[in-house]
Amino acid sequence: MAKGSELFVRCLENEGIERIFGIPGEENIDVMDVLLDSKIQFITTRHEQGAAFMADVQGRLTGRAGVCLATLGPGATNLVTGVADANMDRAPVVAIAGQGATTRLHKESHQILDLVDLFDPISKYATQIREPEIIPEVVRKAFKLAEAEKPGVAFIDFPENIASGDAPDKAPLKVQRAEIPTPPQKKIRQAADIINDARFPLIMAGNGVIRARAAEQLTLFAERLNIPIATTFMAKGAIPFSHPLSLGAVGLQAADYISCGFDRADVILCIGYDLVEYHPHLWHKDASRKIVHIDASPAEVDEHYIVECGVVGDIRAALSAIAEIAKPREEYLAASLRQTILQEMEAHAEDQGFPVKPQKILWDLRQALRPEDIVISDVGAHKMWMARMYQAERPNTCIISNGFSSMGIGVPGAIGAKLVHPERTVVTVTGDAGFLMNSQEIETALRIGTSIVVLIWTDSEYGLIRWHQLKHFGRPSHIGFNNPDFVKYAESFGAKGYRVEGAADLLPILRHAVRDDTVVLIDCPVDYRENMKLTEKLGELVCPI
Ligand SMILES: Cc1ncc(C[n+]2csc(CCOP(=O)(O)OP(=O)(O)O)c2C)c(N)n1
Ligand SMILES: [Mg+2]
């Protein structure tokens, strides 16, 4: 007779997973032991949060659930931030925690916490395996729900006595994925009519487009109807930035050039757009535009997002069907807007100022990378710059957390991405604070041989918070700290470190770093005086259209 842990691992194998990220503990030793005889690779991390972020980014890139594992109590609580991030960024993840035996869960007992309660608000599904015979159902349900639209986290609490005890002779359940139906014809027609009647329609594409693997259809749709596209931060690359219909990314908490497009538009086609990414009140203050919502799920309720027509179902099918019957538009009003955005991006390409300006860092980074290479941003002022100015050419090549927006995703996220795409260069763009939140995973990266480049924007501050404080109160409050010597820090792990000492250093260092074939840290001092300059410039914005 098999043990519960054996049946459990067989069910995980049946889901086709290649690896699990995590940290062993006492209450999951049975699972850990069974994994030795499995083809599933276990990647031992240095913090459970790192494991969760690795699973998060792997899930986001592949559409298949990334898996992380922790022990009970403190192991499980350490998973929480990464799990919440995956859930709100709509990344499929199955998170597993060991648990004390079912004979001691009813009382105060060493390291026991009600984990199902703890994970409930940060997952789509949280359950406990109370009996061994439900293992195949629980595992199958967890994967099915994690991967179904909108993807997110399924959490499994696995008590130690169920893992070590006998399990019935059961087989894993057949893997079946939820299919998304084609939207009703009536809605396709209605959407086409609204587009035909529009004076200036604008597309806002969200991460749902990338999840649906609908980027190509989106570009074809825009080309055929001649409608410009702005993407959210999490949909960068859904249309190549070099495409003349691309207007870059929206999501700043303030007016931006692209706001001019929203102001001028009378119809906004929100495709795969998710309200968690960007409050509707920021781009639709007077709630007067006609909104066409095209997504796999019905729209969230929001007083600034009242839908004129909801086309719910498979995004690819919706776009092809609408493009076929709507009339192509002759004029394209946003060309001058694109010109302004391009000029802004290029303005500092040759800037020699030091510390290096954010615009220049992103310009050089783009020069050093191929279109298929992947950049992952951590969270901070650098993310705002990256979202606005990094020119992404393909979907899932610029990974930004903008649902939960948790600092610390950068280093572990890059490891997850490199495992998915070992042939591509993977760069983390991170602040000096977010970097040190999970820098311990450099050791993991070196041990498992994932070469990643970590580009640290050094300002010795929580830069984004200074930016907000200056905007609101005109003075900073408690945002400073000291940094270690990042070059020595890299070397102490056995990684490579570079320090940028002048703006002209950056591009050559980046070109070296992408060829170094190890973990590389680059300490790049950044000139964040540009933050308030941007705020002032956007405050005086004169629309080019
Ligand atoms: C885990 C977590 N803690 C706090 C925050 C709030 N927060 C957002 S950005 C930021 C500052 C980030 O500083 P740093 O990593 O140095 O990046 P910079 O803004 O300087 O580019 C803080 C504290 C957050 N998003 N996530
Ligand atoms: Mg900083």
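Let us look at the structure shown here. Residue numbers run consecutively from 1 along every chain, following the written order of its sequence. Key to labels: chains lettered from A, ligands numbered from 1, both in the order written. Local features in this predicted model are restricted to residues of pLDDT 70 or higher, and side-chain atom pairs are both shown and tallied only at a pLDDT of 80 or more, whereas totals for entire chains, interfaces and linings draw on every residue. Only hydrogens and water are removed before side-chain values are computed, so all heavy atoms of the structure are retained for them.

## Examining the overall build of the chain
Right, so step 1: Strands here mean DSSP runs of E at least two residues long; helices mean DSSP runs of H or I at least four residues long; both are numbered from the N terminus. Assigned secondary structure in the chain consists of 23 helices and 18 strands.
Right, so step 2: Since a compact globule built from 545 residues should have a radius of gyration of about 24 Å, the 24 Å found for the chain is in line with a globular shape.
Right, so step 3: Along the first, second and third principal axes, the C-alpha set of the chain runs to 70 × 60 × 45 Å.
Right, so step 4: For every residue, the accessible area obtained with a 1.4 Å probe (protein chains only) is divided by the maximum for its type, and the residue is called buried under 20%, exposed over 50%, and partly exposed between those limits. Expressed as a percentage of the 545 residues in the chain, the buried residues total 61%.
Right, so step 5: The Shrake-Rupley method, run with a 1.4 Å probe, gives the accessible areas here. Residue values count only the displayed protein chains as cover. As displayed, the chain has an accessible area near 21,200 Å², and 50% of this comes from carbon and sulfur atoms.
Right, so step 6: We treat Lys and Arg as the positive residues and Asp and Glu as the negative residues; His and chain ends play no part in the count. To locate a charge, take NZ of a lysine, CZ of an arginine, CG of an aspartate or CD of a glutamate. With 56 positive and 72 negative side-chain charges, the chain shows a spacing of 4 Å between the two charge centroids. Only the C-alpha atoms count toward the radius of gyration. The rule for a globule is 2.2 Å times the residue count to the power 0.38.

## Focus: the sheet that holds strand β18 (residues 520-525)
Right, so step 1: Two strands are counted as paired when DSSP detects at least two bridges linking them. If you walk across this open sheet you meet the six strands as β14-β13-β15-β16-β18-β17, and the pairing is parallel. The open sheet has two edge strands, β14 (398-399) and β17 (496-499), and neither has a second partner.
Right, so step 2: For strand β16 (residues 453-458) and β18, the ladder comprises six bridges, and the chain directions are parallel. The residue of β18 that forms the bridge with L455 is I522.
Right, so step 3: Throughout, a contact is declared for two residues whenever any of their heavy atoms are within 4.5 Å. Angular values range over 0 to 180 degrees, each being the angle between N-to-C directions of two axes fitted as lines to C-alpha atoms, with helices fitted over their stretch in contact. Sitting on the sheet, helix α15 (residues 358-368) touches β13 (374-377), β15 (426-431), β16 and β18, and the angle it makes with β16 is about 170 degrees.

## Points about the nonpolar core
Right, so step 1: As used in this record, nonpolar core signifies buried Ala, Val, Leu, Ile, Met, Phe, Trp, Tyr and Cys residues forming a set joined through side-chain atoms within 4.5 Å. One finds M204, W283, L365, Y390, L455, W457 and I522 to be the most contacted residues of the largest nonpolar core, which totals 66 residues.
Right, so step 2: For this core, the element with the most residues is helix α16 (residues 381-389), which contributes six residues.
Right, so step 3: If we skip the residues at most four places from it in the chain, L365 touches V375, Y390, V427, V429, L455 and L510.
Right, so step 4: One finds V57, L79, A126 and A417 within the second-largest nonpolar core, a separate group that totals 47 residues.

## Regarding the site of ligand 1
Right, so step 1: In the vicinity of ligand 1 lie 18 residues, with A381, D432, G434, L464 and Y528 positioned nearest.
Right, so step 2: Distance and chemistry together define a polar contact, namely a pair of N or O atoms within 3.5 Å, with one atom able to donate a hydrogen and the other to accept it when in protein, and with adjacent residues in sequence counting only for side-chain atoms on both sides. Taking A381, its main chain carries an N or O atom lying 2.8 Å from an oxygen atom of ligand 1.
Right, so step 3: M407 places a polar main-chain atom, nitrogen or oxygen, 3.2 Å from a nitrogen atom of ligand 1.
Right, so step 4: Protein contact buries 79% of the 590 Å² of open area that ligand 1 shows by itself.
Right, so step 5: Put simply, the parts of the chain that give the shell around ligand 1 at least two residues each are α16, α18 (432-437) and α20 (463-473). Only a single heavy atom is needed: when it lies within 4 Å of a molecule or strand, its residue is near that molecule or strand.

## A few points about the coordination of the magnesium ion (ligand 2)
Right, so step 1: Nitrogen, oxygen and sulfur within 2.8 Å of a metal are treated as its donors, or within 3.2 Å for sodium, potassium and calcium (Na, K, Ca); water is not counted, so a site can appear incomplete. Protein coordination of the magnesium ion (ligand 2) is provided by D432 (OD), D459 (OD) and E461 (O), with donor distances spanning 2.1 to 2.2 Å.
Right, so step 2: For the magnesium ion (ligand 2), the single-chain donor residues occur in sequence as D-x26-D-x1-E. Here the residue D432 occupies a position in helix α18, and D459 occupies one in the loop between β16 and α20, the gap between them amounting to 27 residues.

## Quick look at the environment of G152
Right, so step 1: Positionally, G152 belongs in the loop between α6 (135-147) and β6 (153-159).
Right, so step 2: Spatially, the C-alpha atoms of G152 and A142 are 10 Å apart, while their sequence positions differ by 10 residues.
Right, so step 3: For G152, the residues in contact, after removing those within four places along its chain, are A86, N87, A91, P92, V93, K124 and A146.

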